[in-house]
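# Residue-level structural notes
Read off the chains here:
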Amino acid sequence: MDGISVSSSRKLKKNQSFPIVAIGASSGGMEAATGLFRHLPHQLGMAFIYIQHADPAYDGKPEAIFKQVTQMPVVEAKDKLAIQPDHLYLIPPNRNMILKEGKFHLLLKPKRPQAFLPINQFFINLAENYKEKTIGILLSGNPPDGTLGLKAIKTEGGITFAQDKTARFQGMVKSAISEDAVDLVLPPERIAEELSKLALQQENYHTALELISEKDIQDGDEHLNQLLRIIHRLTGVDFSHYKLSTIKRRIIRRMILLNIDTLEEYLEYLKQHTNQVHQLYQDLLINVTSFFRDEESTDYLKKDILPRILKSKLPGESIRLWVPACSTGQEAYSLAMLIVEVLGEKAAASNVQIFATDLSELAINKARLGIYSQDEVALVVPKRLQLFFNKIDGSYRIIKSIRDMCVFATHNVIKDPPFSKVDLISCSNLMIYLEPVLQKKMLATFHYSINSFGFLVLGKSESIGNSSNLFSQIDKKLKIFVKKKDATSKASFEMNYVLSGKEKEAGSFQRNSFSKGKTDDIDLDESVDQLLMKKFTPACVVVNQDLDIIQFRGSTGAFLEPAPGKASLNLLKMARTGLGFELRNIVHKASKSGKEEKKSWTETGKDTKNREISIEAIPIKNDKDSIEKYFLVIFHEGLPEAASETHLSFSRDKRVKQLEAELTGLREDLRSIVESQEAANEELQSVNEEIVSSNEELQSINEELETSKEELESSNEELITINQELQMRNEQLAETQEYSEAVFTTIRESLLILDKNLRVKNANSCFYKTFGATIEETEGKLIYDLGEKQWDIPILRELLEDIIPRNSMVSDFEVRHTFPQLGEKIMLLNARRLVRKLHSEHLILLAIEDITAFRQASQLIAEREEWFHSMADNSPMMIWHTDLHRKNSFVNKAWLEYRNMSFDEAIGKSWLEAGMHPDDKKRVEKVFNDSFSRRTGFTVTYRLIREDRSYRTILSKGEPNYNHAREFTGYIGSCVEIPEDMKPLS
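Small disclaimer: the values here were computed from a predicted structure and weren't measured. (Residues numbered from 1 in each chain as written. Predicted model: local features only at pLDDT ≥ 70, side-chain atom pairs only at ≥ 80, totals over all residues. Heavy atoms only, no water.)

### Some remarks on the pattern of salt bridges
Opposite charge on two side chains lets them pair, provided their charged atoms get close. Scanning the model with the defined rule gives 29 salt bridges in all. When the shortest N-O distance is used, the salt bridge between E31 and R168 registers 3.7 Å. Of this pair, E31 sits in helix α1 (residues 29–38) while R168 is found in the loop between β8 (159–163) and α5 (171–178), placing the two residues 137 residues apart along the sequence. Relative accessible area serves as the criterion here: at 34%, R168 is assigned to the partly exposed category. What you see here is one network of salt bridges that share partners, running through R190, E193, E194 and K197. (Salt bridge = Lys/Arg side-chain N within 4 Å of Asp/Glu carboxyl O. Helix = DSSP H or I, 4+ residues; strand = E, 2+ residues; numbered from the N terminus. Buried < 20%, exposed > 50% of the residue type's maximum accessible area, 1.4 Å probe, protein only.)

Quick look at the structure:
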């Protein structure tokens, strides 16, 4: 098939390996996984590996669960266990394992503590070791895991799936889909169907992949060239000198996903579905990166390279870095964080500019936002996470000071003008996808961009190749280089890369001979041709239209020699005496006529011998669109034929005729040059007149531009004012956001933010502390599913699904519920519906006040108060209490019965009783008032009239009363009747 048919009839040795299907899941994943295997045939020739975070809902034996839904052998993965097709292997929870050379390997615990991300780790390992034979599937779950792993699989040519909206928990799959790491989003039963189709295609698929590296597969296949031209036309990116093996793998991968068998069919499909062209383009752009992706390189940059750059800077001088192929920006932000850490307190006053560029506009847009998921920042150490990130809606955003250091732009490093005067270029894992011709061009561009003794950082799989004249290696392992200051000027960059004429005319993307490595299978005829060319090639040179020598062939020493002074390869400067004029003249003729020109003459050498000299200029046919013209200049030297004795008498005449012929030729040449000069002068005069006219027009335009300039300056001033206001608003918004975040995290009331589907977007620390939950168990989950459905409360459903849609705000909505693990809770719910117009997002802010303890305390106080009243009323002694105004605030039942009064009649009356004997009144009042003023206790007797109009002696005793704050609140006391015979009146 057209070079790379998936169903090629050519028979190859059968590939003994088999695809590896890795399935990652978390909460709710067991349900989805069993649904997948229930619909999956048990003999597909694939090996299946299931990796899951520990799930409390399935804390039993998962082997038993899977054995109920599949006939495959279900095996727990163990160290050194060999993998086999048509088996299901279960990675034990909380274990780090990888698969290498067909065997499982248990990993030791890392020295440095890091986030436990088993799905990412296993997926990335499979991608590195099994490339396109890996299939990654991500099912239900919320932990920040799986996205980076799927990206790695997709990058290496594997196929990726994610569960659709049927996933109970959407956190993991949504993250992967948003990062464009998923090829197909399907329910589990449809994933099983697609796996069955892939199993039928796998042999043809791997056969096609093997054919890619075969010598007889032509890179210039017409359908392949057309496909690359379509990509070039729609995206502006020319992949003709990218490694075709990688490009063809990506094409085959897309064909497999679309169930297309031939390249011709795929080409027709792309012509009808332009969106698929962009899908293929995104596949060709390898957007894989991470924060601080290489620990050794990061440490070396921080401890050695960056301090050297900073030390070389004068005060106020800017620090400039360039990150080509920056993808989604993690590498650029990592460099910014390293610089801030190295600068310390000087960071705020330093001018740091980091230019980060990439072909992908989608990647650049994400990089500008600086917002990353929990999965993407999982391996960032907590200290950096706290210093350089702000948590926003469950994601993390780079702080403004770091974002301001980085300038992101779409940029093609191959053809667009580069940045200049940069101190360091970090370009990891881009050159491995380019062929040598582009690698050399890009390194020359980097050499131009970097300051003297600036640094270049490459990926560990890359090298500078044949550009060792431009850079010196500092660290062989880490691939860090320094610019050579005295490198030749030929290392300058070329901004216009032009293909040959045949390549453009036929649309061919064949490689030039210098970009292909020589093979060892050179046949005999080729070897003989090379020997003959070396031995018998005439002296000749290839020159351009400026007569600069491009190539030397044969022995040119008799005609050319280095000129004294500065080294030069110009033909006229290197020509021996007497040749310069003839060389210029003959090349000029060949350029004008477009045909080969030849000139011969006899000259006398230093040894007085005559020599026949011949020079020939032949135009070289080149790309018709090319500006450059090239010529092959051939030199011949020989002795004139020996003259016989009969002709000696005519030698003088012959010499005269020869000189006359040369003189005639020179006159003809001079006439031609004069005519050309006159024609050129006329053209120059015409051009001069046009220039004068254009100059007048330019003066008029300049006046208009001056006016426009003034208007622009006015507009610019307005824009500066608006920009300042916008910046101020942004700072106010940032302060408001930080303030809101601080309030949200520090308030002592539990707060939840729910989306329109009632899933938790965020919760504050009080909620986690009060209800014993974690972030992983909360964020992204339906509120009713929290804590194993402990929050599935009917009255809460009524509030969220009935009351809130009708009312934008609800206050003090009481909910009483018994939690299995926490016991009974009494909560006051305050809810408010919010609409974020900018994001078109509907949210519910739910405040939960736990009043359980308050209600218990109130109940206890009420019980104690009831107990006190009951005790007081049942006491035979008369008990009373006065407030700060010396009025009765409480009297017991005995007090009321003794005086035959009701409670309402007694409360609020003066503590100096109305029925007191007139002779005792003044004395008792003095005792009361003196004690009140001194806040001391008292004991006093007085006579009180009864119903029978007789007086009885009363003994009253009182003590000052204080609250818990030691504040005086009045007196509390008691009184009893004293029989006359027991105590005399005092």
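Having seen it, we continue.
### Quick notes on the sheet that holds strand β14 (residues 395–398)
Within a sheet, each strand pairs with its neighbour through backbone hydrogen bonds, oriented either parallel or antiparallel. Spatial strand order, β12-β14-β13: three strands in an open sheet with antiparallel pairing. Edge positions in the open sheet fall to β12 (371–372) and β13 (389–392), since each of these has one partner strand only. By the bridge criterion, two bridges tie β12 to β14 in an arrangement that is antiparallel. For I371, the partnering residue across the bridge sits in β14 and is R397. (Pairing = 2+ DSSP bridges.)

### Observations regarding the sheet that holds strand β28 (residues 823–836)
The five strands are arranged β26-β25-β29-β28-β27 in an open sheet whose pairing can be described as antiparallel. What marks the edges here is a single partner per strand, and that holds for β26 (760–763) and β27 (809–819). On average, each strand axis in the sheet is tilted by 25° relative to the strand beside it, whichever way the strands run. Sheet topology places β28 next to strand β29 (residues 841–850); ten bridges connect them, and they run antiparallel. By the bridge assignment for β29, M827 is matched with D850. Sheet contacts for helix α25 (residues 794–806): β25 (750–754), β27, β28 and β29; angle to β27, the most-contacted strand, approximately 165°. Contacts from helix α26 (residues 852–873) reach β27, β28 and β29 within the one sheet, and its direction differs from that of β28 by about 135°. (Axes fitted to C-alpha atoms, helices over the stretch in contact; angles between N-to-C directions. Contact = heavy atoms within 4.5 Å.)

### Let's talk about the confidence of the model for the protein
Should pLDDT be low for a region, the predicted coordinates there are not to be read in detail. Taken as a whole, the protein shows an average pLDDT of 79; of its residues, 85% reach a score of 70 or greater. The model gives residues 1–16 a pLDDT under 50, and that stretch makes 38 contacts with residues more than four places away or in other chains. Taken as a whole, residues 212–217 scores under 50 in pLDDT and shows eleven contacts with residues more than four places along the chain or in a different chain. (pLDDT = per-residue confidence, 0-100.)

### A look at the nonpolar core
Soluble globular proteins tend to bury their nonpolar side chains together. Counting 44 residues, the largest nonpolar core has L227, F239 and F446 as the members making the most contacts within it. When contributions to this core are tallied by element, the ones reaching two or more residues are α7 (222–235), α8 (244–257), α9 (263–272), α10 (274–284), β16 (422–427), α16 (436–449) and β17 (450–458). The contacts of F239, once residues within four sequence positions are left out, are L228, I231, I247, Y281, L284 and L285. Within the second largest apolar cluster, 43 residues are counted, among which are F292, L301, L343 and F408. (Core = buried A, V, L, I, M, F, W, Y, C linked by side-chain atoms within 4.5 Å.)

### Some details on the environment of W791
Of note, W791 is situated in the loop between α24 (786–789) and α25. Of the residues examined, W791 reaches a relative accessible area of 6% and is grouped as buried. C-alpha separation for the pair W791 and H817, spaced 26 residues apart in sequence, amounts to 8.9 Å.

### Examining a nonpolar patch on the surface
A contiguous nonpolar patch, built from W867, F868, M871 and I972 and spanning about 390 Å² of accessible area, is present on the exposed surface. Tallying contributions element by element places α26 first for the nonpolar patch, with three residues. (Patch = residues over 30% accessible without salt bridge, like charges linked within 9 Å, V, L, I, M, F, W, Y side chains within 5 Å. Areas by Shrake-Rupley, 256 points an atom, 1.4 Å probe, with all protein chains shown as cover.)

### Side note on the packing of α9 against α10
Two elements in contact, α9 and α10, have axes separated by 5 Å at closest approach and are oriented at 115°. Taken together, the axes of α9 and α10 lie roughly perpendicular to each other. Across the interface between the two elements, Y266, Y269, L270 and Q272 from α9 touch T274, Q276, V277 and L280 from α10. Residue classes in the contact of α9 with α10 are distributed as five nonpolar, three polar and no charged. (Parallel < 35°, antiparallel > 145°, perpendicular 65-115°, else oblique. Nonpolar A, V, L, I, M, F, W, Y, C, P; charged D, E, K, R; others polar.)

### Digging into a negative patch on the surface
A surface patch of like charges, here negative, comprises E703, E704, E706, E710, E711, E713, E717 and E718. Its relative accessible area of 41% is what places E713 among the partly exposed residues. (Lys, Arg positive; Asp, Glu negative; His and termini not counted. Charge placed at Lys NZ, Arg CZ, Asp CG, Glu CD.)

### A word on the packing of aromatic side chains
Evaluated as defined, the whole model comprises 31 aromatic pairs. Relative to F819, the ring of F771 has its centre 6.0 Å away and its plane inclined at 55°; by these criteria the two rings are tilted. In this pair, F771 sits in helix α22 (residues 765–771) while F819 sits in strand β27, placing the two residues 48 residues apart along the sequence. For the pair F771 and F819, a shared accessibility class is recorded, and that class is buried. Grouped by ring-pair contacts, the aromatic residues W880, W911, F928, F932, F938, Y962, F968 and Y971 constitute a single cluster. Seen from the ring of Y898, R946 lies directly overhead, with NZ or CZ sitting 4.0 Å from the centre. The aromatic ring of Y962 is capped on one face by R966, whose charged end is 4.7 Å from the ring centroid. (Phe/Tyr/Trp six-rings, centres within 6.5 Å; stacked < 30°, edge-to-face > 60°. Lys NZ or Arg CZ within 6 Å of the ring centre and 35° of its normal.)

### Some remarks on unusual backbone geometry
Residue K80 is not a glycine yet carries a positive backbone phi of 70°. Inspection of the secondary structure assignment puts K80 in the loop between β3 (74–76) and β4 (88–90). Judged by relative accessible area, which is 53%, K80 ranks as exposed.

### Here we look at the side chain of D86
Within the secondary structure, D86 sits in the loop between β3 and β4. Overall, D86 belongs to the buried group, its relative accessible area being 19%. Leave out the neighbours within four places in its chain, and D86 touches H42, Q43, L44, G45, M46, A47, M72 and P73.

### Here's the deal with helix α13 (residues 361–369)
For α13, the set of buried residues is A363, I364, K366 and A367. One face of α13 carries all of its buried residues, which in axial projection span an arc of 160°. Turned more than 90 degrees away from the buried face of α13, the exposed residues are E361 and L362. Where α13 is buried, its residues contact α12 (330–343), β11 (352–358), β12 and β15 (406–410). Looking one or two residues past α13, G370 carries a phi angle of roughly 70°, positive in sign. (Arc of directions from axis to C-beta.)

### A look at the pairing of β27
The pairing of β27 with β28 spans nine bridges and is classified as antiparallel. Note on β28: the bridge partner recorded for H817 is K825. From the end of β27 to the start of β28, which pair antiparallel, there are three residues.

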